[in-house]
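Structural characterization, general
Spelled out from the first residue to the last, the chains are:
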Amino acid sequence: MKLFYVCILIAITVFSYGFIDPNFPYQPFPEYFRYVHSQRTVATAVYISLLLSFFVCYRFILSRSNLTQVWWYIWITVGILFFAYPAFSSDIFNYIATAKVTYFYRENPYIVMPNEIPNEPMVGFLHASNKVALYGWSWIALTFFPHTLGMGNIILTMIAMKILIIAFYIWLVRLIERVSDNPASSVAFFALNPLVIMETLVVVHQDVVMMALALYSFILLRKRRFFLSLFFLILSIFIKGATVFLVPVYFLVLFRIRKRVPLDWERVWYWCALSMIGIFALSPFREEMYPWYFIWVLTFVSLLPKQSFFVIVAMFSSLGLEFRIVPYLYTWRWDGVTPMVKRIVTLAPPALAALWYGFRKKV
């Protein structure tokens, strides 16, 4: 299984280079890009095959691995996918552009858009150059480090940004291990979930940053370090804003700790998971239900008993959410049948999982 898993990771890395933006300044494999974009059926079939194989490995690891083995899989995953191109989304370039507006041009990123900067070379391959900064000041502050280490070179800045995200990914996994009653299962469930891996280590989204800060705030709260705990929760909220839904749970826990009322932390994680499900379910009202948003839910679901309803449905939801890109890969269009297919592949797996869970409980 280890060899098969490594082969999947290498295949994902190779596949990712077929999605380099044609306007990106470095084009190492232009013929490969043209092939992937012209052979839509092949590209779609490859993606589906890789994703299904990834989930098969994930299920195997969950059922048969101890903590040492789980960490072996984590480190090999990080080591190989470090070299993957951030395919399927241009958000990493939006992070870099926002940092550049802030620290290079010394403009307010909440007022000035990248396309308002004269002769800015990144505008050619940005997919959101006509938007101001979408994230909070905590994230803008953190992007200072990859911006500085990148020294104005887009490749070096990408590498530095990926290192920053990987560091928070590892920290979040360590935090999950620290508070879980079943560390091997919880760590494997979250860290090796294909959705988490694809959206964090390949596409390089920063949701793990927000969730690491949020979980750490609850750990500090558990230690009765109240002011520092609140500080980290505020930092988390000002990454992306979604963790503001944790505030009612946070202050309920704070109240019970101050009153010395015994706490069942499994129930706390349960309510945190429900809070994140709430904001995740509301995300289509803002734009759409992006797969990486589900990292908010998976963080706390990983701390629940592994045969619970939430864990099983979350696992299948991860699969469905990662399939949302499939109709686009096949048609290269976001309109037409794509929205309908996206809804079907998102809802069908968790619905089937819920039915299966209910049938199993009844039997």
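Here's a quick rundown of the structure.

What counts and how
Residues numbered from 1 in each chain as written. Predicted model: local features only at pLDDT ≥ 70, side-chain atom pairs only at ≥ 80, totals over all residues. Heavy atoms only, no water. Helix = DSSP H or I, 4+ residues; strand = E, 2+ residues; numbered from the N terminus. Rg over C-alpha atoms; globule rule 2.2 N^0.38 Å. Buried < 20%, exposed > 50% of the residue type's maximum accessible area, 1.4 Å probe, protein only. Contact = heavy atoms within 4.5 Å. Areas by Shrake-Rupley, 256 points an atom, 1.4 Å probe, with all protein chains shown as cover. Lys, Arg positive; Asp, Glu negative; His and termini not counted. Charge placed at Lys NZ, Arg CZ, Asp CG, Glu CD. Core = buried A, V, L, I, M, F, W, Y, C linked by side-chain atoms within 4.5 Å. Salt bridge = Lys/Arg side-chain N within 4 Å of Asp/Glu carboxyl O. Axes fitted to C-alpha atoms, helices over the stretch in contact; angles between N-to-C directions. Parallel < 35°, antiparallel > 145°, perpendicular 65-115°, else oblique.

Glancing now at the overall build of the protein chain. When you go through the protein chain residue by residue, the secondary structure sums to 18 helices and zero strands. A compact globule built from 363 residues would reach a C-alpha radius of gyration of about 21 Å, and the protein chain, at 21 Å, matches this within 12%. Over its C-alpha atoms, taken along the principal directions, the protein chain stretches across nearly 60 × 50 × 40 Å. Going through the 363 residues of the protein chain one by one, you find that 55% of them count as buried. By sequence separation, contacts in the protein chain at least 24 residues apart represent 74% of the contacts at least 6 residues apart. Accessible area for the protein chain stands at about 16900 Å²; split by element, carbon and sulfur atoms hold 67% of it. Positive and negative side-chain charges in the protein chain, numbering 30 and 16 respectively, have mean positions lying 12 Å apart.

Ranked by size, the top nonpolar core spans 127 residues in total, and within it Ile-74, Phe-93, Trp-139, Tyr-169, Phe-218 and Trp-269 carry the most contacts. Per element, the largest residue contribution to this core is 14 residues, and it comes from helix 8 (residues 154–179). Discounting chain neighbours no more than four positions away, the residues touching Trp-139 are Tyr-95, Met-161, Leu-164, Ile-165, Gln-206, Val-209, Phe-238 and Ile-239.

So, on to the pattern of salt bridges. One pass over the structure, following the stated rule, counts seven salt bridges. The salt bridge involving Arg-34 is made with Glu-31; its shortest N-O contact spans 2.4 Å. You can see Arg-34 and its partner Glu-31 sitting in helix 2 (residues 30–38), three residues apart, about one turn around the helix. Glu-288 serves as the salt-bridge partner of Lys-342, at 2.9 Å between the closest nitrogen and oxygen. Separated by 54 residues along the polypeptide, Lys-342 in helix 18 (residues 338–362) and Glu-288 in the loop between helix 14 (265–286) and helix 15 (295–301) bring together distant segments of the chain. Salt bridges sharing partners connect three or more residues here, namely Glu-288, Arg-324 and Lys-342.

On to the packing of helix 11 (residues 207–222) against helix 13 (residues 247–258), then. At a closest axis distance of 10 Å, the pairing of helix 11 and helix 13 adopts a crossing angle of 10°. With respect to their mutual orientation, helix 11 and helix 13 come out roughly parallel. Each of Ser-217, Phe-218, Leu-221 and Arg-222 in helix 11 lies in contact with helix 13, whose residues at this interface are Val-249, Tyr-250, Val-253, Leu-254 and Ile-257.

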